[in-house]
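Structural characterization, general
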Amino acid sequence: MILIIMGVSGSGKTCVGTYLSEKLGWTLYEGDDYHSKESIDKMARGEPLTDQDRIPWLLQLHGIIQREITSKANAIVLCSALKRAYRQMLLFGRTCLPSSDSPTAVDGVWFAFLHGPFKLIQERLEAREGHYMSAALLQSQFDTLEPPVDTENAFSVDVQRSIPEVASDIESALSVRL
Ligand SMILES: Nc1ncnc2c1ncn2[C@@H]1O[C@H](COP(=O)(O)OP(=O)(O)OP(=O)(O)O)[C@@H](O)[C@H]1O
Ligand SMILES: O=C(O)[C@H](O)[C@@H](O)[C@H](O)[C@H](O)CO
C-alpha cells in the first residue's frame, strides 16, 4: 500500500506523515527532500514554483513510488500534489503527459488530501519556525490547488483536528479501502 499525503503548504503533511510512519512502521518519503536547491531557494524568496520547476521533482517521486509498488512495500510519500496533472505524474511518470481528461488511479496507491480553512493553515504556517516556506506563498498554493476527485483513489481529511485525530481519520479511511 502506498499512501500519498497531499495538500497545500502548512496542511500538516510532515507532522501527520511522521506520526503515521512511526505508528505504522511504514517507510516515510518526505517530498521536500527531493526539491532542487533552485526550487527551495525560489520558495524561500517567496516565489511560487512553476510546472517546469515541479516536473523533475514529481518524476523523482514517481520513481520512488514505482520502486515501492514493485517491492510490495507499505510506504508514505509526502507531496503537495496540488494539480491533477501532478498526481497523474506521480502515478504514471512522463507517460501521463499531456494529462488525460479522465484521471485514473493505480491499485494500492491512495491520496489522503489534507484540507482546511485558509486562515487556520495560515496561522499554523505563521507559527512554524525554521522552515524556508513562507506563509506569504499560501494564497498561491490555494490558487494552484485542484482538489482530487474520487476516481483518483483519493479521500479528504479535515485538518481542523489534532495530529493524532487526523492520523486516525486516515487510518479509518484506509481500513475500509484495504
Ligand atoms: N492537525 C494539526 N494541529 C495543530 N497544528 C498542526 C496540525 N498539522 C500541522 N500543524 C502545524 O502546522 C505547521 C505546518 O505543518 P507541516 O509542516 O506538517 O505542514 P506541511 O504540509 O508539511 O507543510 P510544507 O508543505 O510547507 O512542508 C507545523 O508547525 C505543525 O506543527
Ligand atoms: O508544490 C509546491 O509548491 C511545494 O511542494 C509546496 O507545496 C511545499 O509546501 C514545499 O515543498 C514546502 O514544503
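What comes next is a walk through the structure.

Conventions we followed
- Here the residue numbering is sequential within each chain, running from 1 through the sequence in written order.
- Starting at A for chains and at 1 for ligands, labels are handed out in the order in which the entities are written.
- Side-chain atom pairs in this predicted model are given and counted only at pLDDT of 80 or more, local residue features only at pLDDT of at least 70, and totals for whole chains, interfaces and linings cover all residues.
- The side-chain values count all of the structure's non-hydrogen atoms but skip hydrogen atoms and water molecules.
- Under the scheme used here, helices are H or I runs from DSSP no shorter than 4 residues and strands are E runs no shorter than 2 residues, and both carry numbers assigned from the N terminus.
- C-alpha atoms define the radius of gyration in this analysis, and the globule rule sets the expected value at 2.2 Å times the number of residues to the power 0.38.
- Categorising residues by exposure relies on relative accessible area from a 1.4 Å probe, with only protein chains included: less than 20% of the type maximum marks a residue as buried, more than 50% marks it as exposed, and the intermediate range marks it as partly exposed.
- Proximity is defined per residue: any heavy atom of the residue falling within 4 Å of a molecule or strand makes that residue near it.
- In the analysis that follows, any N or O atom pair within 3.5 Å is treated as a polar contact, provided that within protein one partner can donate a hydrogen and the other can accept it, and provided that, for residues neighboring in sequence, both atoms belong to side chains.
- Residue burial considers only the protein chains on display, and all accessible areas are found by Shrake-Rupley using a 1.4 Å probe.
- Classification convention: Asp, Glu, Lys, Arg as charged; Ala, Val, Leu, Ile, Met, Phe, Trp, Tyr, Cys, Pro as nonpolar; all other residues, Gly among them, as polar.
- One fewer than the residue count of a helix, multiplied by 1.5 Å, yields its expected span.
- The contact definition used throughout considers only heavy atoms, calling two residues in contact when any of these lie within 4.5 Å.
- What counts as a ring pair is set by centres within 6.5 Å for rings of Phe, Tyr and Trp (its six-membered ring), and what kind of pair is set by the plane angle: stacked under 30 degrees, edge-to-face over 60, tilted for all other angles.

Moving on, we get to the overall build of the chain. A count of helical and extended segments in the chain gives 7 helices and 5 strands. Here the C-alpha atoms of the chain give a radius of gyration of 15 Å, agreeing with the 16 Å that 2.2 N^0.38 yields for 178 residues. For the chain, the spread of C-alpha atoms along the principal axes amounts to about 40 × 35 × 25 Å. Here the chain holds 178 residues, and 46% of them are scored as buried.

Attention now moves to the site of ligand 1. Ligand 1 sits among 16 residues. The nearest are Ser9, Lys13, Thr14, Cys15 and Arg161. A distance of 2.9 Å is found between an oxygen atom of ligand 1 and a backbone nitrogen or oxygen belonging to Gly10. Between an oxygen atom of ligand 1 and a side-chain N or O atom of Asp32, the distance comes to 3.1 Å. If ligand 1 stood free it would expose 640 Å²; the protein chains cover 81% of that surface. Looking at the shell around ligand 1, the element that brings in the most residues is helix α1 (residues 13-24), giving 3 residues. Of the residues contributing to the shell around ligand 1, the split by class is 4 nonpolar, 7 polar and 5 charged.

Looking now at the environment of Ala73. Along the chain, Ala73 turns up in the loop between α3 (51-70) and β3 (75-78). Separated by 71 residues in sequence, Ala73 and Ile2 place their C-alpha atoms 7.6 Å apart.

This next bit is on helix α7 (residues 163-175). Over its 13 residues, α7 extends 18 Å from the first C-alpha to the last, a length consistent with the 18 Å expected when each residue adds 1.5 Å. On its buried face, α7 sits against β1 (2-6), α1, β4 (109-115) and β5 (154-158).

Further remarks concern the site of ligand 2. Around ligand 2, the neighbouring residues are Ser9, Asp32, His35, Met43, Arg54, Trp57, Ser80, His131, Tyr132, Met133 and Gln141. A distance of 2.6 Å separates an oxygen atom of ligand 2 from a polar atom in the side chain of Asp32. Contact between ligand 2 and Ser80: an oxygen atom at 2.8 Å from a side-chain N or O atom of the residue. Relative to its free-state accessible area of 330 Å², ligand 2 is covered by the protein chains to the extent of 97%. Class assignment for the residues of the shell around ligand 2 results in 4 nonpolar, 5 polar and 2 charged.

The full count for this structure, using the stated rule, is 1 aromatic pair. Measuring from centroid to centroid gives 5.3 Å for Phe118 and Phe142, while their planes differ by 55°, and the two rings are tilted. A residue pair is termed long-range when its members are at least 10 positions apart, and Phe118 in helix α5 (residues 118-127) and Phe142 in helix α6 (residues 138-144) qualify at 24 residues. Phe142 gets classed as partly exposed once you look at its relative accessible area, which sits at 25%.

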